[in-house]
Each structure stands twice: as structure tokens, then as C-alpha cells.
Amino acid sequence: MESFIFRLGNMVLIETNLNREMGNRPYADKRLILQRSAFALTRKLAEANDEWTPQRLLNWQQQLARIAASVWRIDRLSAR
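Parameters at a glance
- Sequence order sets the numbering: in each chain, residues are counted from 1 along the sequence as written.
- Predicted model: local features are reported for residues with pLDDT of at least 70 only, side-chain atom pairs are reported and counted for 80 or more only, and whole-chain, interface and lining totals are derived from all residues.
- Side-chain measures were taken over the full set of non-hydrogen atoms in the model, leaving aside hydrogen atoms and water.
- In this description, a nonpolar core means a group of buried Ala, Val, Leu, Ile, Met, Phe, Trp, Tyr and Cys residues linked to one another through side-chain atoms lying within 4.5 Å.
- Accessible area is worked out with a 1.4 Å probe on protein chains only. A residue is then buried under 20% of its type maximum, exposed over 50%, and partly exposed in between.
- For the purposes of this entry, the term helix denotes a DSSP run of H or I that reaches at least four residues, the term strand denotes a run of E that reaches at least two, and both are numbered from the N terminus.
- Two residues form a contact once any of their heavy atoms are found within 4.5 Å.
- Starting at the helix axis, one direction is taken to each C-beta atom, and the arc is that of these directions.

*Asks:* Where do I start with the nonpolar core in this structure?
*Replies:* Proteins that are soluble and globular tend to have nonpolar side chains buried together. Of all hydrophobic cores here, the largest spans 10 residues; its members are Ile14, Leu18, Met22, Tyr27, Ile33, Leu34, Leu45, Ala46, Trp60 and Leu64. Take this core: its biggest share by element is three residues, from helix α2 (residues 27-34). Look past the residues within four positions of Leu34 in its chain and what remains in contact with it is Val12, Ile14, Met22, Tyr27, Thr42, Arg43, Leu45 and Ala46.

*Asks:* What am I meant to see in the side chain of Thr42 here?
*Replies:* Its location among the elements puts Thr42 in helix α3 (residues 40-48). The residues contacting Thr42, other than those within four sequence positions of it, are Val12, Leu13, Ile14, Leu34 and Ser37.

*Asks:* Looking at this structure, how should I read α3?
*Replies:* Since the α-helix packs 3.6 residues into each turn, any two residues three or four apart lie on the same face. Within α3, the full set of buried residues consists of Thr42, Leu45 and Ala46. Along the axis of α3, the buried positions cluster into a sector of 90°, meaning they face one direction only. Looking at α3, the residues exposed on the side facing more than 90 degrees away from the buried face are Glu47 and Ala48. Where α3 is buried, its residues meet α2 and α4 (54-72).

Listed below in C-alpha cells is the structure:
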């Protein structure tokens, strides 16, 4: 389980004050805080995941990768 801690899918954009409030609480508590974020992507994560499991983390990570690839058009960057 510890190998999942620093994966991209386990990271969120969150306001400093909400991050402090979350601390190291269990996901069920963090979820309520994540839902208050001003960042739509962070709220989407909390709304779509009532629990946080390794499989959900991997699914979320894949979604983030697809978003990144579409925003930064990685296929064009690697052609140079």
C-alpha cells in the first residue's frame, strides 16, 4: 500500500487551508474537505469516489494522464 502514496493519482490540487485541515485523516474525512475545494477536478475526485482504493487510485491516475496528454499534446512534443 505504501507504494501508492506518492503516485500522481494520489495527489490533488487543494487550497493550503483545506490541506492543513485534512492532515492525515482517513479518506472518509478527507472526502468531505475535498468536496469544498474551489478546484473542479478536486471536487470531481471526491464526488466520484466514495472510498479510496488502489484500483480507484489507478483509474483516477489514468484519467489524469488522459487529461494531461490532451492539454499538453504530448504526441507532438515527442516528435521533435
